[in-house]
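# Examination of the molecular architecture
Given next are the chains, with one letter for each unit.
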Amino acid sequence: MVLLHVLFEHAVGYALLALKEVEEISLLLPQVEECVLNLGKFHNIVRLVAFCPFASSQVALENANAVSEGVVHEDLRLLLETHLPSKKKKVLLGVGDPKIGAAIQEELGYNCQTGGVIAEILRGVRLHFHNLVKGLTDLSACKAQLGLGHSYSRAKVKFNVNRVDNMIIQSISLLDQLDKDINTFSMRVREWYGYHFPELVKIINDNATYCRLAQFIGNRRELNEEKLEKLEELTMDGAKAKAILDASRSSMGMDISAIDLINIESFSSRVVSLSEYRQSLHTYLRSKMSQVAPSLSALIGEAVGARLIAHAGSLTNLAKYPASTVQILGAEKALFRALKTRGNTPKYGLIFHSTFIGRAAAKNKGRISRYLANKCSIASRIDCFSEVPTSVFGEKLREQVEERLSFYETGEIPRKNLDVMKEAMVQAEEAAAEMARKLEKQEKKRLKKEKKRLAALALVSSENSSSTPEECEETSERPKKKKKQKAQETPQENGMEDPSVPVSKPKKKKSFSKEELVSSDLEETAASVSLPKRKKSAPKEEPITDAEEAANRSIPKKKRKFSSKEEPLSSGPEEAAGGKSSSSKKKKKLQKLSQED
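Residues numbered from 1 in each chain as written. Predicted model: local features only at pLDDT ≥ 70, side-chain atom pairs only at ≥ 80, totals over all residues. Heavy atoms only, no water.

## Re the side chain of Ser268
Put simply, the test is: Per the convention used, a helix needs a DSSP run of H or I reaching at least four residues, while a strand needs a run of E reaching at least two, with both numbered from the N terminus. Each residue is assigned to one of three classes by its accessible area relative to the maximum for its type, calculated with a 1.4 Å probe on protein chains only: buried under 20%, partly exposed between the two thresholds, exposed over 50%. Pairing of N or O atoms within 3.5 Å defines a polar contact, subject to two protein rules: one partner must be a possible hydrogen donor and the other a possible acceptor, and residues neighboring in sequence count only if both atoms are side-chain atoms.
Structurally, Ser268 is set in helix H14 (residues 258–292). On the basis of relative accessible area, Ser268 is assigned to the buried category, the value being 0%. Here Ile264 takes part through its backbone oxygen, which lies 2.7 Å from a polar atom of the side chain of Ser268.

## Overview of the pattern of salt bridges
Applicable threshold: Any carboxyl oxygen of Asp or Glu that lies within 4 Å of a side-chain nitrogen of Lys or Arg is treated as forming a salt bridge with it.
Enumeration according to the criterion identifies 19 salt bridges in this entry. Here Asp179 makes a salt bridge to Arg278, at a shortest N to O gap of 2.7 Å. Pair noted here: Asp179 is in helix H9 (residues 166–194) and Arg278 is in helix H14, with a separation of 99 residues, a long-range link. The exposure class of Arg278 is partly exposed, given its relative accessible area of 25%. The closest approach of N and O atoms between Arg415 and Glu403, which form a salt bridge, is 2.9 Å. Within this pair, whereas Arg415 is found in the loop between helix H22 (392–410) and helix H23 (417–489), its partner Glu403 is found in helix H22, the two being separated by 12 residues in sequence.

## Quick notes on the confidence of the model for the protein
Rules: The score called pLDDT rates the predictor's confidence residue by residue, from a low of 0 to a high of 100. A contact between two residues is defined here by any heavy atoms of the two lying within 4.5 Å.
Within the protein, residue pLDDT values average 79, and 75% of them lie at 70 or more. Within the model, the stretch residues 479–515 combines pLDDT values under 50 with 10 contacts to residues more than four positions away or in other chains. Every residue in residues 525–552 scores below 50 in pLDDT, and together they form 18 contacts with partners more than four places removed in sequence or on other chains.

## A short note on unusual backbone geometry
For Met236, which is not glycine, the phi dihedral falls at a positive 55 degrees. Mapping Met236 onto the fold places it in the loop between helix H12 (228–235) and helix H13 (238–249).

## Points about the nonpolar core
The criterion, for reference: Only buried residues count toward a nonpolar core, which is a set of Ala, Val, Leu, Ile, Met, Phe, Trp, Tyr and Cys residues joined through side-chain atoms within 4.5 Å. These domain boundaries are the output of an automatic or database domain assignment.
With 44 residues, the main nonpolar core has Leu296, Leu299, Ile300, Ile309, Leu318 and Leu372 as its most contacted residues. By residue number, the principal contributor to this core is helix H21 (residues 365–385), which donates 7 residues. Two domains each put at least three residues into this core: domain 2 (166–281) and domain 3 (296–434).

The structure is reproduced here in structure tokens:
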């Protein structure tokens, strides 16, 4: 008995499901189709055989691209070979896409089926998939589908901005539409203004020039010799300007009111602006064709090449067409009419607008159109698949068509295609090298400008950062100076001196007796020995002798500065340091006195 399996592709992975023994005819009944909506009844029909989740979003994108292109991915191959029965003749695999079904049948040998019952089962699987797979929720499945959809669309839409052919298709379509509209509006201006100045129609043939003149002349009775110079500028012909002036004096046209002239001039200005826009659009089309399809535009011109691309749908589609299709592209109606009536098929389509077919003799038009279609097909493939766009190949192919034309007329043998392509390859390499040098120079200039800009920004930022700390230092130094000044000025307020602070006086040598010196020395050494012990205990204030104060005053300020660790301590250590220095000086004096005695 043949077992029916169903392959379901989801954003989270591949699922392989098996159908229980159910008749195919009964599955198509309306009552059974309604069972697909019920999860419990659907479980009685379908069971999950295997589920192969994707390792990452990149793997999911690769599998989605493979399925859309009808290619069997390695993950899908492994799933089918692992979980499907080994006897391939007893297996029937249901798939949703006929392309992937044909690929599976060709590569793996499993019989595949699409449509009918399979579509109904896949509809139910899609509805209840998050319940069939353990650990998968409806929210996570929706997120996976949304992420894969965005990445798949992004990958399909990826293109080079400078070589996009969609703009060419829209431009040439708009250009053709503008040509029709400008012709229609110009005929309306000719008829409208012809009531007043009918002779101008015979003198001026160009539509845009006629509209400019209608806008400039207005009432023909006001046209005089002073406006002759402006007429020559508009017509670019002195004879025509003189003829217009003469015709205005003896015109058979009817008189026209001012309001009618205002409307005619307004409409003429619109037509003139449309014709100017048409010229700018044609310039834009030429620039885009030189970027997207330089070889094709060099061979048959920008307008005809753009029409071929627009008719084919894209440059890639045109490159895929054979030369026989390119030859009759645009003449499909005539072709099918000829096939239906068994008449002569058309010899050319859009390429008829090329100058080569018009220059060829009547008997050679078919031959030259076939040869030109061949060269157009080559040029479109070069433009589509070459990395560096260049017009060298198009120019060489144009030379070949010119030589073929001269061969039909004079019999001069043209050059071989191999020799021409070798020359084109050499020139294309030179052009590519030149373009690479130009791009390198542009990149160097850009980098230099970027370096200068960054250096200027760094300089400005450094100036700002250097100015701010200096200002902070100045502001922090000013209060300190003021505090010092206040500390020095406080003892001398109101002309009174503080008796506790001794005033510094010039030093004089004092004569001490030996007994006084010894007693003072002993007191100072005792104080110096007892001070280090007071560091551990709480500091206590002691009366300071006059000798110690004088010693403290005599020590320079730099030496008296203490470290940040010693700042929180009391004045005890400072006094101890002062006592030590004074005791050493007293000892030296004692030694000197003893030596003198």
